[in-house]
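# Understanding the architecture of this molecule
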Amino acid sequence: MAAAELQRKNAERARELNAQRDAAAQQKAIMAQIVQMVQKNRQSKGNGDVAYNFTHRSKIERMYVDALAAPRCGERRTIGKSSGIE
């Protein structure tokens, strides 16, 4: 009887540890996906010829993009460097 009880407790403890390990592994995988998405979609802030203004946390930010990327950023909000308006 005691051996069966000990075996049941050990099995329950093993299930709890496995659940904790699975949760930690899932959280780690999610963080890795976030890092990968950020790295994949990172944009430089100064190599283009068209200024793109956007808001981030209630602050207006500016990023310079090339002419090919400007339409994807929302061309209606861009100001060219050559126009003298910055």
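Use the structure listed above.
Position labels on residues start from 1 in each chain and follow its written sequence. Per-residue local features of the predicted model are confined to residues with pLDDT of at least 70, and side-chain atom pairs are confined, for both listing and counting, to 80 or more; whole-chain, interface and lining totals are unaffected and use all residues. Calculation of side-chain values draws on the structure's entire complement of heavy atoms; hydrogens and water are dropped beforehand.

With that out of the way, let us pick up the overall build of the chain. Counting from the N terminus, the helices are DSSP H or I runs at least four residues long and the strands are E runs at least two residues long. Within the chain, the secondary structure is distributed over two helices and three strands. Seen in sequence order, the chain has helices and strands lined up from the N terminus as α-β-β-α-β. Residue burial in the chain is summarised as follows: out of 86 residues, 14% are buried. For the chain, the proportion of contacts with a sequence separation of at least 24, taken over those separated by at least 6, is 24%. Between buried and exposed lies partly exposed: a residue is buried under 20% and exposed over 50% of the maximum accessible area for its type, with that area taken using a 1.4 Å probe on protein chains only. In this analysis, two residues are considered to be in contact whenever any of their non-hydrogen atoms come within 4.5 Å of each other.

Relative to strand β2 (residues 59-65), strand β1 (residues 50-56) runs antiparallel, the two being bridged by seven bridges. Within β2, the position partnered with A51 by the bridge is Y64. Pairing between two strands is assigned when DSSP locates at least 2 bridges connecting them. Two successive antiparallel strands, β1 and β2, enclose a turn made up of two residues, where R57 displays a positive phi of approximately 55 degrees.

The next subject is a nonpolar patch on the surface. Patch building starts from residues that exceed 30% relative accessible area and form no salt bridge, then joins like charges within 9 Å and nonpolar side chains (Val, Leu, Ile, Met, Phe, Trp, Tyr) within 5 Å. Here, Shrake-Rupley sampling with a 1.4 Å probe gives the accessible areas, and only protein chains in the shown set may cover a residue. Any Lys or Arg side-chain nitrogen found within 4 Å of a carboxyl oxygen on Asp or Glu counts as a salt bridge. Where nonpolar side chains cluster on the molecular surface, the patch consists of I30, M31, I34 and V38 and spans about 330 Å² of accessible area. Since its relative accessible area comes to 41%, I34 is described here as partly exposed.

Mapped onto the elements of the fold, D49 is located in the loop between α1 (2-40) and β1. Spatially, the C-alpha atoms of D49 and M63 are 9.8 Å apart, while their sequence positions differ by 14 residues.

Turning our eyes to something else, we now look at unusual backbone geometry. At R57, a position not held by glycine, the phi torsion is positive, near 55 degrees. Among the structural elements, R57 can be located in the loop between β1 and β2. For R57, a relative accessible area of 75% translates into the label exposed. The backbone phi angle of S58 is positive, close to 65 degrees, even though this residue is not glycine.

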